[in-house]
Amino acid sequence: MGPLLFRLALLSVGLGLTEIGISALLGGSSAAWLLLALGLMGIFGGSVGFMAPLLGAHHGKEGR
């Protein structure tokens, strides 16, 4: 349950940082690109955390 909550939190933080970064980018802030990059990395990390076990689940099973 812990890894699932960590992946969900990482995905949520990434989405939030991306939204803040986009709004700061439209406002002309200099830190907007950093927030946007961190948010996209969070989204990518959270998504890979969910997708890797789903796509690689058949590798650990024997007898197929």
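Here we summarise the structure given alongside this text. (Residues numbered from 1 in each chain as written. Predicted model: local features only at pLDDT ≥ 70, side-chain atom pairs only at ≥ 80, totals over all residues. Heavy atoms only, no water.)

1. With respect to helix 1 (residues 2–27)
Item 1. Over its 26 residues, helix 1 runs 37 Å from end to end, which matches the ideal 38 Å to within 8%, given 1.5 Å per residue.
Item 2. Buried within helix 1 are the following residues: Leu11, Gly14, Thr18, Gly21 and Ala24.
Item 3. Taken together, the buried residues of helix 1 touch helix 2 (32–55).
Item 4. Phi for Gly28, located one or two positions after helix 1, is positive at around 90 degrees. (Helix = DSSP H or I, 4+ residues; strand = E, 2+ residues; numbered from the N terminus. Expected span 1.5 Å × (residues − 1). Buried < 20%, exposed > 50% of the residue type's maximum accessible area, 1.4 Å probe, protein only. Contact = heavy atoms within 4.5 Å.)

2. Brief notes about a nonpolar patch on the surface
Item 1. There is a patch of nonpolar side chains on the surface, built from Met1, Leu4, Leu5 and Leu8 and spanning about 420 Å² of accessible area.
Item 2. With respect to the element layout, Met1 can be found in the segment before helix 1. (Patch = residues over 30% accessible without salt bridge, like charges linked within 9 Å, V, L, I, M, F, W, Y side chains within 5 Å. Areas by Shrake-Rupley, 256 points an atom, 1.4 Å probe, with all protein chains shown as cover. Salt bridge = Lys/Arg side-chain N within 4 Å of Asp/Glu carboxyl O.)

3. Looking at the environment of Ala24
Item 1. Here Ala24 shows up in helix 1.
Item 2. The contact partners of Ala24, leaving out residues within four places of it in the chain, are Ser29 and Ala32.

4. Some points on helix 2
Item 1. Here helix 2 spans 34 Å end to end across 24 residues, near enough to the 34 Å set by a 1.5 Å rise per residue.
Item 2. Along helix 2, the sharpest change in direction is near 25 degrees and occurs at Val48.
Item 3. For helix 2, the full list of buried residues reads Ala32, Leu36, Gly39, Gly42, Gly46 and Gly49. (Bend = angle between axes of the 7 residues up to and from the residue.)

5. Things to note about the environment of Gly39
Item 1. Mapped onto the elements of the fold, Gly39 is located in helix 2.
Item 2. Residue Gly39 is classed as buried on the basis of its relative accessible area of 0%.
Item 3. Taking C-alpha positions, Gly39 is 6.0 Å from Leu15, a pair spaced 24 residues apart along the chain.
Item 4. With near-sequence residues (within four places) excluded, Gly39 lies in contact with Gly14, Leu17 and Thr18.

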